[in-house]
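Spelled out from the first residue to the last, the chains are:
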Amino acid sequence: MGSTKFVVVKAKELIKTAVFAVLGVIIIVGLITFFLHMGDDENTGMYRDGTYYGEMETGGEVTEIAVVIENGEIADVSVEETTEAVAVFYPLLETAVEEVGQGIVATQSLTVEVAPENAYSAQLVLDAVAECLEKAEK
């Protein structure tokens, strides 16, 4: 009868060892899989994909700027909503948005060269784009 107890104790230890060995193998396989697929993410840019909106105030009127992020990079900057008053009082706003948007898309940065006549409008656009990019950061 003493030998039966001895076998039962050994069986418990054997089962415990087998369970821990299986768990160890599962953890090792999981870690290997995780690290092998770590750089395979198709979205490797600085930002999350989507369209992000920011506002800029132009003389009491609010104009909405949209920044489109594709594959983690800035794909487009555009004016979404503008009133007729903004178009009349800020005729260079559309030009500034196009100029700044093209520069931002080309450099993937908020550091862009702007024409002196668009300096004020360009700064408003850059501030709105910065707001959008803060929302898009990973």
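Residues numbered from 1 in each chain as written. Predicted model: local features only at pLDDT ≥ 70, side-chain atom pairs only at ≥ 80, totals over all residues. Heavy atoms only, no water.

### Some words on the overall build of the protein chain
Check the secondary structure of the protein chain and you find 4 helices and 3 strands. In the protein chain, the order of α-helices and β-strands from amino to carboxyl end is α-β-β-β-α-α-α. Per-residue burial for the protein chain yields a buried fraction of 28% across its 138 residues. If you take every contact in the protein chain between residues at least 6 apart in sequence, the share linking residues at least 24 apart comes to 49%. When the accessible surface of the protein chain is split by element, carbon and sulfur atoms take 61% of a total near 9400 Å². (Helix = DSSP H or I, 4+ residues; strand = E, 2+ residues; numbered from the N terminus. Buried < 20%, exposed > 50% of the residue type's maximum accessible area, 1.4 Å probe, protein only. Contact = heavy atoms within 4.5 Å. Areas by Shrake-Rupley, 256 points an atom, 1.4 Å probe, with all protein chains shown as cover.)

### Digging into a nonpolar patch on the surface
On the surface, a nonpolar cluster with roughly 590 Å² of combined accessible area is contributed by Ile15, Val19, Phe20, Val22, Leu23 and Ile26. Note that leucine 23 resides in helix H1 (residues 2-36). (Patch = residues over 30% accessible without salt bridge, like charges linked within 9 Å, V, L, I, M, F, W, Y side chains within 5 Å. Salt bridge = Lys/Arg side-chain N within 4 Å of Asp/Glu carboxyl O.)

### Some remarks on the nonpolar core
Counting residues in each nonpolar core, the largest one holds 24 residues, and the members touching the most others are Ile65, Val67, Ile69, Ile74, Ile104 and Val129. Here this core gets 9 residues from one element, more than from any other, and that element is helix H4 (residues 119-136). In this structure valine 129 touches Ile65, Val67, Val77, Ile104 and Leu110, once residues within four positions along its chain are discounted. (Core = buried A, V, L, I, M, F, W, Y, C linked by side-chain atoms within 4.5 Å.)

### Notes on the sheet that holds strand E3 (residues 73-81)
Sheet architecture is open: 3 strands sit in the order E1-E2-E3, paired in antiparallel fashion. The strands lining the two open edges of the sheet, one partner per strand, are strand E1 (50-58) and E3. Direction aside, neighbouring strands of the sheet carry axes that sit 25 degrees apart on average. Alignment of E1 against strand E2 (residues 61-70), held across 9 bridges, turns out to be antiparallel. Along E2, the bridge assignment pairs threonine 58 with glutamate 61. Of the strands in this sheet, E1, E2 and E3 touch helix H3 (residues 93-107), which is tilted by about 170 degrees from E3. Relative to the sheet, H4 contacts E1, E2 and E3, its axis offset from that of E1 by approximately 145 degrees. (Pairing = 2+ DSSP bridges. Axes fitted to C-alpha atoms, helices over the stretch in contact; angles between N-to-C directions.)

### Describing unusual backbone geometry
Positive phi, normally seen in glycine, also occurs at asparagine 71, with a value near 55 degrees. If you trace the backbone, asparagine 71 turns up in the loop between E2 and E3. What makes asparagine 71 exposed here is its relative accessible area of 53%.

### A short note on the packing of H3 against H4
Direction vectors running N to C along H3 and H4 enclose 55 degrees, while the axes themselves pass 9 Å from each other. On the basis of the axis angle, H3 is oblique to H4. Our pair here, H3 against H4, has a crossing hand that is right-handed. In contact with Leu93, Ala96, Val97, Val100 and Ile104 of H3, H4 contributes Ser121, Ala122, Val125, Leu126 and Val129. When the residues that make up the contact of H3 with H4 are grouped by side-chain class, the tally is 9 nonpolar, 1 polar and no charged. (Parallel < 35°, antiparallel > 145°, perpendicular 65-115°, else oblique. Left-handed = near helix turned anticlockwise from the far one by under 90°. Nonpolar A, V, L, I, M, F, W, Y, C, P; charged D, E, K, R; others polar.)

### A look at the side chain of serine 121
Looking at the secondary structure, you find serine 121 in helix H4. Here serine 121 falls in the buried class, since its relative accessible area comes to 8%.

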